[in-house]
Amino acid sequence: MKKIISLVITLTIMITTGMSAFAVTSQDALNFFNNYVKAANTYSNTLTTMYAPDAKIIRQVVKPDGGLANAYTNTSTYITQMKIGQATAKMRGYTNSYSNIKVTQVGKDTFKISSLRQPKGETYKLKAYMIVKPVNGKLQIVEELMQTKEQIFLRYAK
């Protein structure tokens, strides 16, 4: 009887330990976000691999009068635009800093990371969030919203 109880306890510990190895934690999500910021600010090609193939990408345009308009795009279009923009950003030394970073669990292995984004050389901060979850065995962005003051995005707004 002692052997059976010992075996059950051992199996329970092994299963619990094994399951937790596959669970995503808020620390994993925060580490992902920090890697995202580093990749973005160094113009790394790995940035494009951080998005799920069917991610929802939203650019929220802050109009001069304070109004908001949302411009939506898909992952492939966004990545194409990102690659074009990276060359100009790199030449200008454009980077973003992030503050008020909050990680909130919104589902099983799914986290929302909210922050305020400050473009280099600006005094204002803009709202941003991303939702990350495992896709094909690795954390990826499945939804992202970033506010921008770039009015050119209004042509894509709905």
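All values reported here derive from a predicted model rather than from experimental measurement.

(A) Highlighting the environment of Ile 113. Structurally, the position occupied by Ile 113 is in strand E4 (residues 110–119). Sequence separation between Ile 113 and Val 103 is ten residues, and the spatial gap between their C-alpha atoms is 4.5 Å. Beyond its immediate stretch of four places on either side in the chain, Ile 113 contacts Ala 29, Phe 33, Ile 101, Lys 102, Val 103, Ala 128, Tyr 129, Met 130 and Val 132.

(B) Spotlight on the packing of aromatic side chains. Tallied over the entire structure, the rule returns four aromatic pairs. When the centroid spacing of 6.5 Å and the interplanar angle of 70° are considered together, the rings of Tyr 36 and Tyr 51 count as edge-to-face. Separated by 15 residues along the polypeptide, Tyr 36 in helix H2 (residues 26–41) and Tyr 51 in strand E1 (residues 51–62) bring together distant segments of the chain. The pair formed by Tyr 36 and Tyr 51 is uniform in burial state, with each residue classed as buried. Both rings, one in Tyr 51 and one in Tyr 78, keep their centres 5.4 Å apart while their planes meet at 65°; by these two values the pair is edge-to-face. With Tyr 51 in strand E1 and Tyr 78 in helix H3 (residues 75–92), this pair connects stretches of sequence that are 27 residues apart. Residue classification places Tyr 51 among the buried residues on the basis of a relative accessible area of 4%. In textbook terms, an aromatic cluster arises when at least three aromatic residues are bridged by ring pairs, as seen for Phe 33, Tyr 36, Tyr 51, Tyr 78 and Tyr 98. Residue placement shows Lys 112 over the ring face of Tyr 129; its charged tip is 4.4 Å from the ring centre.

(C) Molecular detail of the pattern of salt bridges. Counted under the stated rule, the structure contains two salt bridges. Where Glu 144 meets Arg 59, a salt bridge forms, and the shortest distance between an N and an O atom there is 2.7 Å. In this pair, Glu 144 sits in strand E6 (residues 138–148) while Arg 59 sits in strand E1, placing the two residues 85 residues apart along the sequence. The class of Glu 144 is buried, set by a relative accessible area of 0%. For Arg 59, a relative accessible area of 10% gives the class buried. The partner of Asp 109 in a salt bridge is Lys 108, and the shortest N-O contact between them spans 3.5 Å. The class for Asp 109 is buried, based on a relative accessible area of 14%.

(D) Region of the structure containing the layout of surface pockets. Its volume calculated, the largest pocket comes out at about 1,200 Å³. As for the largest pocket, its lining consists of 39 residues, of which Arg 59, Tyr 78, Gly 85, Tyr 94 and Phe 153 are closest to the centre. When residues in the lining of the largest pocket are grouped by element, the largest group, ten residues, is from H3. Grouping the constituent residues of the lining of the largest pocket by class yields 21 nonpolar, eleven polar and seven charged.

(E) Geometry of empty space enclosed by the protein. The full count for this structure, using the stated rule, is one cavity of 30 Å³ or more. Roughly 40 Å³ of volume is contained in the largest cavity. Around the largest cavity sit Phe 33, Tyr 98, Ile 113, Ser 115, Ala 128, Tyr 129, Met 130, Glu 144, Leu 145 and Met 146, which together line it. For the lining of the largest cavity, the secondary structure elements donating two or more residues are E4, strand E5 (126–135) and E6.

Conventions we followed
- Numbering of residues begins from 1 in every chain and follows the order in which that chain's sequence is written.
- Only residues with pLDDT of at least 70 are given local features in this predicted model, and only at 80 or more are side-chain atom pairs given and counted; all residues enter the totals for whole chains, interfaces and linings.
- Processing note: side-chain calculations cover all non-hydrogen atoms of the structure and skip hydrogens and water entirely.
- The secondary structure listing takes helices from DSSP runs of H or I that are at least 4 residues long and strands from runs of E that are at least 2 residues long, numbered from the N terminus.
- Two residues form a contact once any of their heavy atoms are found within 4.5 Å.
- Two rings from Phe, Tyr or Trp (for Trp, the six-membered ring) form a pair when their centres sit within 6.5 Å of each other. Planes less than 30 degrees apart are called stacked, planes more than 60 degrees apart edge-to-face, and all others tilted.
- Type-normalised accessible area, obtained with a 1.4 Å probe on protein chains alone, sets the label of each residue: buried when under 20%, exposed when over 50%, and partly exposed for intermediate values.
- Here, over-ring charges are defined by two tests on the NZ atom of lysine or the CZ atom of arginine: distance to the ring centre within 6 Å, and angle to the ring normal within 35 degrees.
- Throughout this description, the term salt bridge denotes a Lys or Arg side-chain nitrogen within 4 Å of a carboxyl oxygen of Asp or Glu.
- Cavities and pockets were defined on a 1 Å grid built from protein atoms only: a cavity is a group of points that admits a 1.4 Å probe but offers it no way out, a pocket is an open group of points flanked by protein on both sides within 12 Å along at least five of seven lines, and a lining residue is one with an atom within 4 Å of any such point.
- Grid points are joined across faces, edges and corners, and a volume is the space filled by probe spheres set on the points.
- Note that Gly is not counted as nonpolar here; it falls among the polar residues with everything else outside the nonpolar set of Ala, Val, Leu, Ile, Met, Phe, Trp, Tyr, Cys and Pro and the charged set of Asp, Glu, Lys and Arg.

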